[in-house]
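# A structural walkthrough
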Amino acid sequence: MIRSRLFSLAVAGAAAAVVLPAGLAAAPAVASPGAAVPAAACTWRLDTRLPLPAGVTSAVISSTDGVADFAGFASPAGGGIVGIVWRAGQPSVLPTPVGWLTFANGMNGRGDVVGTGHSPAGLDVPVLWRGGQMIELGVAPGISAQAQDINDAGLIVGSTFERATGRRRGIIWSAAEPGKFSYVTAPGADNDLRSVTEDGTLAGMYFDDAVPGRSVPAAGTVAAGLHALALPAGTDNGHAIAARGTFIAGTAQKGVADAHAVLWQNGVPTDLAKAGTTVDGVNSAGTVVGYNLTTRQAVVWSGGAEQPLPTSISGPATTTAQVGVITDTGAVGGWVVTSAGDELPVVWHCV
């Protein structure tokens, strides 16, 4: 499956510091509508199957503009993986050089998409799709990197990986000057950025230099760097994964025990589950989407309550469902896996 193929590519890390990207606030953010909060008693329906471009057999959703458009990556019938975007429900393959694999990881309300290109040279290259072109983002020579998210002001976040040392570092770019980059500061030498809000709040993690292997969920800004997010009682490590509005969602755990879903609002954590859950997205109303490893169901947490998402669609038999994102209008984007192993992009709505 293409989702598992993505995780088999090693991406992250870093090298020497350069200049702080300019122009991060050059364009005002596009206002988003008020976020929808699904009612605890609502019924989730798998009511929309997104179309696939000609020649594509599988696709997954990994990002959204927060309103109605989605992006992800797809598997053409001839092999490979390519970034894909759905605008007004219609799909198009993102420009991909011959011999590359590309993955769309984040998008904003201005039509920009960011992600990763896996080059024939074996490096993971951070990329920006803008104006019908794929633009390589700046990194130090020989460094693999992944762009994870972009806000409407053009602030792009991600992480780099230095193969020689195994070091990971959070990195930032500006869409206005994509060739320039800088590293985010953090209490730990190794860190990672996963998401950025419209007001420029960063979310990710760092490794505690004093406790080998301990990951600390973190938030911050470009100017101030990252700081630790408080962990729920009974946990000692975690990772912030998605951020929107005043909310950050991620996971926490005790030692090597199963991680579970956590929601932070203004830095204050709330346990959404006690074990065996993952987080994929959050909207600006604090509704979180993820996966329950115990029940093996895609789920939504709204108002603290966990609700399973249906798996069945009309047409091919399906075995499971996964979620990727939730919009501020309350639509959940993800995919179902068919009995034949294909992944089909779908959208759930709460009615």
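A brief structural summary. Because the structure is a prediction, the values reported are computed rather than measured. (Residues numbered from 1 in each chain as written. Predicted model: local features only at pLDDT ≥ 70, side-chain atom pairs only at ≥ 80, totals over all residues. Heavy atoms only, no water.)

Next up on the list: the sheet that holds strand β7 (residues 113-118). Strands in a sheet are paired, the pairing made by backbone hydrogen bonds, and the direction either parallel or antiparallel. An order of β6-β7-β8-β9 is seen for the four strands of this open sheet, with the pairing classed as antiparallel. Lying at the two open borders of the sheet, with one neighbouring strand each, are β6 (101-107) and β9 (133-136). With direction set aside, neighbouring strand axes in the sheet form an average angle of 35°. For β7 and strand β8 (residues 124-130), the ladder comprises six bridges, and the chain directions are antiparallel. Its bridge partner being in β8, Gly 115 is matched across the sheet by Val 127. (Pairing = 2+ DSSP bridges. Helix = DSSP H or I, 4+ residues; strand = E, 2+ residues; numbered from the N terminus. Axes fitted to C-alpha atoms, helices over the stretch in contact; angles between N-to-C directions.)

This part covers the environment of Glu 136. Residue position: Glu 136 is located in strand β9. A residue is classified by how much of its surface remains accessible, and Glu 136, at 46% relative accessible area, is partly exposed. Separated by 42 residues in the primary sequence, Glu 136 and Pro 178 have C-alpha atoms spaced 7.5 Å apart. When sequence neighbours within four positions are dropped, the list of residues in contact with Glu 136 reads Trp 100, Val 125, Pro 126, Val 127 and Pro 178. (Buried < 20%, exposed > 50% of the residue type's maximum accessible area, 1.4 Å probe, protein only. Contact = heavy atoms within 4.5 Å.)

A word on unusual backbone geometry. One non-glycine residue, Ala 88, adopts positive backbone phi at about 50°. Positionally, Ala 88 belongs in the loop between β4 (82-87) and β5 (90-93). Of note in this structure, Asn 266 is not a glycine but carries a positive phi near 50°. Looking at where Asn 266 falls in the secondary structure, it is placed in the loop between β20 (260-265) and β21 (268-271).

Next up on the list: the packing of aromatic side chains. Scanning all chains against the criterion turns up two aromatic pairs. Judged by centre distance (5.2 Å) and plane angle (75°), the ring pair of Phe 73 and Phe 103 falls under edge-to-face. Placement of the pair is Phe 73 in strand β3 (residues 70-76) and Phe 103 in strand β6, with a sequence separation of 30 residues. Its relative accessible area of 0% is what places Phe 73 among the buried residues. Judged by its relative accessible area of 1%, Phe 103 is buried. Centre to centre, the rings of Phe 181 and Tyr 183 are 5.6 Å apart; their planes meet at 70°, and the pair counts as edge-to-face. Relative accessible area serves as the criterion here: at 10%, Tyr 183 is assigned to the buried category. The positively charged end of Arg 169 is found above the aromatic ring belonging to Tyr 183, 3.9 Å away from the centroid. (Phe/Tyr/Trp six-rings, centres within 6.5 Å; stacked < 30°, edge-to-face > 60°. Lys NZ or Arg CZ within 6 Å of the ring centre and 35° of its normal.)

Bringing the sheet that holds strand β25 (residues 305-308) into the picture now. Taken together, the four strands give an open sheet; going across it, the order is β22-β23-β24-β25, and neighbouring strands pair in antiparallel fashion. The open sheet has two edge strands with one neighbour each: β22 (277-282) and β25. Each adjacent strand pair in this sheet contributes to an overall mean axis angle of 30°, direction not counted. In this sheet, strand β24 (residues 297-302) lies alongside strand β23 (residues 288-292) in antiparallel orientation, the contact comprising five bridges. In the strand pairing of β24, Gly 290 is matched with Val 299.

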